[in-house]
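# Structural characterization, general
Below are the chains, spelled out letter by letter.
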Amino acid sequence: MTTDYGKLTWEQVRDIDKDRVVILNVSATEDHGPHMPLDTDTVLGMAVANGVAAAAPDEVLVMPPVPYGFNEHHKDFPGVIWIQPETLIAFVTDVTKSLAHHGFRRILLLNSHGSNHPVLDLAARKTVIETGIICVSASYWNLCADRINEVRKSDIGGIAHAGEFEAAMYLHLHPEHVHLEKAANQNLHDPDSRFFNLDLARGGGKAMLMRWWSSVSADGTMGDPTVADAETGRKFLQAAIEETTALVREIRALPMLDRQDHH
């Protein structure tokens, strides 16, 4: 049976194992420097989700992606489509509640855009409160950060937005859409900062400040895409798929717990 939720019939949905983990990728449509397309987050997030489906075809279903996210701070760059966080929380929660209505008990909100992280965390929590099912949110780079650091070529600060990590994976998947000749090193990491770490694979920041993107990035890039190559991208993607598959298997093993109202 297909793992593509949209290709199922209603009878297949009725009869399928409801403990499969349903993966919903939520991404963004936005600037990724002059060297990468607007659809970067969706392409990479779906590559991870579909990779998990190939590795564990009897354990997951993959939903059509949500290609828009919370990114109004990027709108000074042409092409950005932004969704207000309240709208996105409501939309994603409507999707998860629909899945719960059909009997699905385990959902993974797989994030592939940084500023969606708090939004999807809240959507997952609301889903649990309103339906009683298991709903987990995770940004895929957080799942494989240690493995990213084993193979990366860039210095700390080189993996943030449209830097080595994303450029390398897109090069591996669709090299015709990546133009490294237009890329520049935009590593803005401040080694003297104790709290504002701009590198996604080094834990991110202990404190969060998200400025207008055009005030901190001249071309929409943050990081160093100039060292990206397709083979490193293959290793990045493999790590993301393997670690996300491991998460899926943990989600499948989680017990369903009954709440206890102590009033």
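The paragraphs below set out a description of the structure included in this document. (Residues numbered from 1 in each chain as written. Predicted model: local features only at pLDDT ≥ 70, side-chain atom pairs only at ≥ 80, totals over all residues. Heavy atoms only, no water.)

So, about the overall build of the chain. Of the regular secondary structure elements, the chain holds 9 helices and 6 strands. The globule rule puts the C-alpha radius of gyration for 263 residues at 18 Å, and the 19 Å found for the chain is close to it. A principal-axis box enclosing the C-alpha atoms of the chain has dimensions of 50 × 45 × 35 Å. Considering the chain as a whole, with its 263 residues, one finds that 50% of them fall into the buried category. Per element, the accessible surface of the chain, about 12,700 Å² overall, is 54% carbon and sulfur. Looking at charge distribution, the chain has the averaged site of its 23 positive side-chain charges lying 5 Å from that of its 36 negative ones. (Helix = DSSP H or I, 4+ residues; strand = E, 2+ residues; numbered from the N terminus. Rg over C-alpha atoms; globule rule 2.2 N^0.38 Å. Buried < 20%, exposed > 50% of the residue type's maximum accessible area, 1.4 Å probe, protein only. Areas by Shrake-Rupley, 256 points an atom, 1.4 Å probe, with all protein chains shown as cover. Lys, Arg positive; Asp, Glu negative; His and termini not counted. Charge placed at Lys NZ, Arg CZ, Asp CG, Glu CD.)

The subject of this paragraph is empty space enclosed by the protein. Across all of its chains, the model carries 1 cavity of 30 Å³ or more by this definition. In this structure, the largest cavity encloses a volume near 40 Å³. Around the largest cavity sit Ile-159, Ala-160, His-161, Ala-162, Gly-163, Glu-164, Phe-165, Glu-166 and Leu-200, which together line it. Counting residues per element, the ones that place at least two in the lining of the largest cavity are strand 5 (159-161) and helix 7 (164-173). In terms of residue class, the lining of the largest cavity is made up of 5 nonpolar, 2 polar and 2 charged. (1 Å grid on protein atoms, 1.4 Å probe; cavity = no way out; pocket = protein on both sides within 12 Å on 5 of 7 lines; lining within 4 Å. Points joined across faces, edges and corners; volume = space filled by probe spheres on them. Nonpolar A, V, L, I, M, F, W, Y, C, P; charged D, E, K, R; others polar.)

Moving on to the pairing of strand 3 (residues 106-111). Across the 6 residues of strand 3, 6 count as buried, placing the element largely inside the fold. Judged by which residues are buried, strand 3 turns out to be covered on both faces: Arg-106, Leu-108 and Leu-110 on one side and Ile-107, Leu-109 and Asn-111 on the other are all buried. Pairing of strand 1 (residues 21-26) with strand 3, which is carried by 6 bridges, proceeds in the parallel orientation. The residue of strand 3 that forms the bridge with Asn-25 is Leu-110. Two strands pair when backbone bridges link them, and strand 3 and strand 4 (residues 134-139) are joined in this way by 6 bridges, in the parallel orientation. Note that in strand 4 the partner of Leu-110 across the bridge is Ala-138. Assessed by its sense of winding, the connection that carries the chain from strand 3 through helix 4 (residues 117-131) to strand 4 is right-handed. (Pairing = 2+ DSSP bridges. Right-handed = clockwise from strand over helix to strand, strands pointing away.)

A few words on helix 3 (residues 85-101). Here helix 3 spans 24 Å end to end across 17 residues, near enough to the 24 Å set by a 1.5 Å rise per residue. The elements touched by buried residues of helix 3 are strand 1, strand 3, helix 4 and strand 4. With its phi angle positive at about 105 degrees, Gly-103 sits one or two positions after the end of helix 3. (Expected span 1.5 Å × (residues − 1). Contact = heavy atoms within 4.5 Å.)

What follows deals with the side chain of Asn-116. As for its position among the elements, Asn-116 is in the loop between strand 3 and helix 4. Of the residues examined, Asn-116 reaches a relative accessible area of 0% and is grouped as buried. Of the polar contacts made by the side chain of Asn-116, one reaches the backbone nitrogen of Phe-70; its length is 3.0 Å. Non-local contacts of Asn-116, meaning those with residues more than four positions away in its chain, are made with Val-26, Ser-27, Gly-69, Phe-70, Leu-88 and Asn-111. (Polar contact = N/O pair within 3.5 Å; in protein donor to acceptor, adjacent residues only side chain to side chain.)

What follows concerns the packing of helix 7 against helix 9 (residues 230-253). Axis separation between helix 7 and helix 9 bottoms out at 7 Å; the angle between their running directions is 100 degrees. In terms of orientation, helix 7 lies roughly perpendicular with respect to helix 9. For the pair formed by helix 7 and helix 9, the contact residues are Glu-164, Phe-165, Ala-168, Met-169, Leu-171, His-172 and Leu-173 on the first element and Ala-230, Thr-232, Gly-233, Arg-234, Phe-236 and Leu-237 on the second. Here the contact of helix 7 with helix 9 is composed, by residue class, of 8 nonpolar, 3 polar and 2 charged. (Axes fitted to C-alpha atoms, helices over the stretch in contact; angles between N-to-C directions. Parallel < 35°, antiparallel > 145°, perpendicular 65-115°, else oblique.)

What follows concerns unusual backbone geometry. The phi torsion at Ala-162 lies on the positive side, around 60 degrees, for a residue other than glycine. On the basis of relative accessibility, which here comes to 0%, the residue Ala-162 falls in the buried class.

A few words on the packing of aromatic side chains. Applying the stated rule across the entire model yields 4 aromatic pairs. On the basis of an interplanar angle of 70 degrees and a centroid distance of 5.4 Å, the ring pair of Tyr-140 and Trp-141 is categorised as edge-to-face. Each member of the pair Tyr-140 and Trp-141 is classed as buried. Through a chain of ring-to-ring contacts, the aromatic side chains of Tyr-140, Trp-141, Phe-165 and Phe-236 assemble into a single cluster. The ring of Phe-104 has Lys-18 sitting right over it, with the charged end atom 5.6 Å from the ring centre. (Phe/Tyr/Trp six-rings, centres within 6.5 Å; stacked < 30°, edge-to-face > 60°. Lys NZ or Arg CZ within 6 Å of the ring centre and 35° of its normal.)

Burial within strand 1 is extensive, with 6 of its 6 residues counted as buried. Neither face of strand 1 is open: one carries Val-21, Ile-23 and Asn-25, the other Val-22, Leu-24 and Val-26, and all of them are buried. The sheet contact formed by strand 1 and strand 2 (residues 60-62) spans 3 bridges and is parallel. What sits directly across from Val-21, in strand 2, is Val-60. Note on the crossover from strand 1 through helix 2 (residues 40-55) to strand 2: the handedness is right-handed.

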